[in-house]
Amino acid sequence: MRDFNRPGVTSGGSWRREIVNRAKGYSIEERAAILQKAMYRAQPTFDDFRGCPGYSNDMLGRDAQKLKEKEARIARNNKGKSGEAWSDRWSAQAEPILTYVMNTDSFLSTRDSFAFLAHEYDDKYNGTDIVFCVMGKDKRYMTFSVDVATGTSSDNIRKKFDESAQSHGGTPPMAAYVKYCVHGGRHWKESEAPQFILGMMPSRLDDATGAVDIKEGLIAGREADPKTDFKLLSEMREQIIMQLAILKNEKNPANESRMNKLRELISAVNTRLAEICGVKGDTNEERIADYGRKYKKMMGQMREDLVYKNIVDEAIRRTNMARGKKVRNAA
């Protein structure tokens, strides 16, 4: 992956952000365009894999042709659809800002992690918008897939969950085959990357974009934005719980590797959520109880974002279904 700055975080609230933005003369649209340019500059391309083991020129050529044909079909199907164009406008803003947020050191404070916009082939063929990688306890990176959502309709979110829940050839449900990964000189494929649906509604995407500091046309950092961090991590948390509940029901030894990755990730996610919620307590039991109270309270506050609300509601609904099925099987 081509390098881009992984900035620290400065303090400040939305009121300060608005004043600073006006003073610096960068509109939300300008900030979104600068972010988009930077994130797409770091997106993998076919050229990044030429001469790499496992990526023959013939394979790269075939995939490039397949991608070209699919992009042409998408363009023909979307021709004249103003609604699609409107949706694409928010998607074009959402994917870079989420990638940037997930790439900052503060997103998972206890684990080394990074994110990059998925290769266009993995986007169009494998349903992956963002690749998110987290350092495991074995000092190896675990690879996860992110499908970005911006539609505020509950039906739209449910369809995304339905699609993720399907088996895709040799790739099991709730996972994606990510074929083109590159970072730090390493090139790899992940056949079963656990997949998460993450997103925010358009007005909240503008808030997240406004938190990014731009100096002389370059990304210079990001103000503290606990609401954005909380939403993405909470969406991820509820889907990890959902996936673990479903996979546990299947009692398939092949699921163990994925479950271990999910257990490692939720530990890091819970730690960061506890920091955001300001959890306190002298004992572990007190901290767990305080986390439960404050997390639920903040979830309630964030439900004004309809995308967040629909994602966590759908994840919790499917978790309850999985747990209900387990009870019936036991009976």
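Refer to the structure above for everything that follows.
Along each chain, numbering runs from 1 in the same order as the chain's sequence is written. A pLDDT threshold of at least 70 governs which residues receive local features in this predicted model, and a stricter bar of 80 or more applies before side-chain atom pairs are shown or counted, although totals over entire chains, interfaces and linings include all residues. Hydrogen atoms and water are omitted, and side-chain values are computed over all heavy atoms in the structure.

### Considering the sheet that holds strand E6 (residues 186-199)
Strand pairing within a sheet occurs via backbone hydrogen bonds; the two strands may be parallel or antiparallel.
Phase 1 of the analysis: Taken together, five strands build an open sheet; the order of strands is E2-E3-E4-E6-E5 and the sheet is mixed. The sheet is open, and its two edges are formed by strand E2 (113-117) and strand E5 (175-183), each paired on a single side. Each neighbouring strand pair of the sheet contributes to a mean axis angle of 35 degrees, computed without reference to strand direction.
Phase 2 of the analysis: Two elements, E5 and E6, share six bridges in a ladder whose sense is antiparallel. Looking at E6, one finds that Val-178 is bridged to Glu-190. In short, DSSP must find at least two bridges between two strands for them to pair. Strands are runs of DSSP state E lasting at least two residues, helices are runs of H or I lasting at least four, and both sets are numbered from the N terminus onward. All axes here are fitted lines through C-alpha atoms, helices being fitted over the stretch that makes contact, and every angle between N-to-C directions spans 0 to 180 degrees.

### Describing the side chain of Lys-231
Phase 1 of the analysis: Its location among the elements puts Lys-231 in helix H8 (residues 226-250).
Phase 2 of the analysis: In what follows, a contact means two residues having at least one pair of non-hydrogen atoms within 4.5 Å. Ignoring sequence-local partners within four residues, the contact set of Lys-231 consists of Met-200, Arg-204, Met-302, Glu-304, Asp-305 and Tyr-308.

### Section: H8
Phase 1 of the analysis: A helix is expected to span 1.5 Å multiplied by its residue count minus one. Taking 1.5 Å as the rise per residue, H8 with 25 residues should run 36 Å; its terminal C-alpha atoms sit 36 Å apart, in good agreement.
Phase 2 of the analysis: Only protein chains enter the area calculation, which uses a 1.4 Å probe; residues under 20% of their type maximum are buried, those over 50% are exposed, and those in between are partly exposed. Of all 25 residues in H8, 20 are buried, a share of seventy percent or more.
Phase 3 of the analysis: Immediately downstream of H8, the backbone of Lys-251 shows phi near 50 degrees, a positive value.

### Quick look at the nonpolar core
Phase 1 of the analysis: Definition of nonpolar core: a set of buried residues of the types Ala, Val, Leu, Ile, Met, Phe, Trp, Tyr and Cys, connected through side-chain atoms within 4.5 Å. Judged by nonpolar contacts, the single largest core of 66 residues is most densely connected at Leu-98, Leu-108, Phe-132, Ile-219, Phe-230, Met-236 and Leu-265.
Phase 2 of the analysis: Contacts of Leu-98, omitting those with residues within four sequence positions, involve Ile-130, Val-148, Leu-198, Gly-199, Met-200, Leu-205 and Leu-232.
Phase 3 of the analysis: In terms of nonpolar packing, the next biggest core, distinct from the first, is built from 10 residues, Phe-46, Phe-49, Tyr-55 and Leu-67 among them.

### What to know about the pattern of salt bridges
Phase 1 of the analysis: When a carboxyl oxygen of Asp or Glu is within 4 Å of a side-chain nitrogen of Lys or Arg, the pair counts as a salt bridge. Tallying each qualifying case throughout the model produces 24 salt bridges.
Phase 2 of the analysis: A salt bridge links Glu-314 to Arg-317; the shortest N-O distance between them is 2.6 Å. With Glu-314 and Arg-317 both in helix H11 (residues 306-330) and three residues apart, this pair spans about one turn of that helix.
Phase 3 of the analysis: Classification of Glu-314 by relative accessible area gives buried; the value is 4%.
Phase 4 of the analysis: Residue Arg-317 is classed as partly exposed on the basis of its relative accessible area, which comes to 31%.
Phase 5 of the analysis: Residue Arg-318 is joined to Glu-314 by a salt bridge in which the shortest nitrogen-to-oxygen separation is 2.7 Å. You can see Arg-318 and its partner Glu-314 sitting in helix H11, four residues apart, about one turn around the helix.
Phase 6 of the analysis: Judged by relative accessible area, Arg-318 falls into the buried class, the value being 13%.
Phase 7 of the analysis: Here the residues in one salt-bridge network are Arg-158, Asp-162, Glu-314, Arg-317 and Arg-318, joined through shared partners.

### As for helix H6 (residues 154-164)
Phase 1 of the analysis: Among the residues of H6, Ile-157, Phe-161 and Ser-164 are the ones counted as buried. The buried residues of H6 occupy one face: seen down the axis, they fall within an arc of 65 degrees. Exposed residues lying more than 90 degrees from the buried face of H6 are Asp-155 and Lys-159.
Phase 2 of the analysis: The backbone nitrogen of Asp-155 has a side-chain oxygen 3.1 Å away, supplied by the residue at the start of H6, namely Ser-153. Arc, as used here, means the arc of the directions from the helix axis to the C-beta atoms. Here a polar contact is recorded for every N or O atom pair within 3.5 Å, except that within protein the pair must consist of a potential hydrogen donor and a potential acceptor, and residues adjacent in sequence are included only if both atoms are side-chain atoms.

### Topic: the pairing of strand E7 (residues 212-215)
Phase 1 of the analysis: Note: E7 against strand E8 (residues 218-223), four bridges, orientation antiparallel. Looking at the pairing, Asp-213 lines up with Gly-221 of E8.
Phase 2 of the analysis: Connecting E7 to the antiparallel partner E8 that follows it, the hairpin turn spans two residues, and Glu-216 within it adopts a positive phi of roughly 50 degrees.

### Considerations on the environment of Pro-96
Phase 1 of the analysis: Its place among the elements puts Pro-96 in helix H4 (residues 82-103).
Phase 2 of the analysis: Judged by relative accessible area, Pro-96 falls into the buried class, the value being 0%.
Phase 3 of the analysis: Taking the C-alpha atoms as reference, Pro-96 lies 7.7 Å from Tyr-40; in sequence the two are 56 residues apart.
Phase 4 of the analysis: Aside from chain neighbours lying at most four places away, what touches Pro-96 is Leu-35, Gln-36, Met-39, Tyr-40, Ser-91 and Leu-117.

### Some points on the packing of H8 against helix H10 (residues 284-302)
Phase 1 of the analysis: The geometry of H8 relative to H10 is characterised by a closest axis approach of 11 Å and an angle of 110 degrees between their N-to-C directions. It follows from the interaxial angle that H8 and H10 lie roughly perpendicular. Taking contact as the criterion, the partners of Pro-226, Lys-227, Phe-230, Lys-231, Ser-234, Arg-237 and Glu-238 in H8 are, on H10, Tyr-291, Tyr-295, Met-298, Met-299 and Met-302.
Phase 2 of the analysis: Of the residues in the contact of H8 with H10, the class split is seven nonpolar, one polar and four charged. Should an angle lie under 35 degrees it is considered roughly parallel, over 145 roughly antiparallel, and from 65 to 115 roughly perpendicular; all remaining angles are considered oblique. Ten residues, namely Ala, Val, Leu, Ile, Met, Phe, Trp, Tyr, Cys and Pro, are considered nonpolar, four, namely Asp, Glu, Lys and Arg, are considered charged, and the remaining ones, Gly among them, are considered polar.

### A word on the environment of Leu-265
Phase 1 of the analysis: Residue position: Leu-265 is located in helix H9 (residues 256-277).
Phase 2 of the analysis: Classification of Leu-265 as buried rests on a relative accessible area of 0%.
Phase 3 of the analysis: For the pair formed by Leu-265 and Phe-144, sequence separation is 121 residues and the distance between their alpha carbons is 9.9 Å.
Phase 4 of the analysis: Apart from residues lying up to four places away in sequence, Leu-265 is in contact with Leu-108, Phe-132, Val-134, Phe-144, Phe-196, Met-236 and Ile-240.

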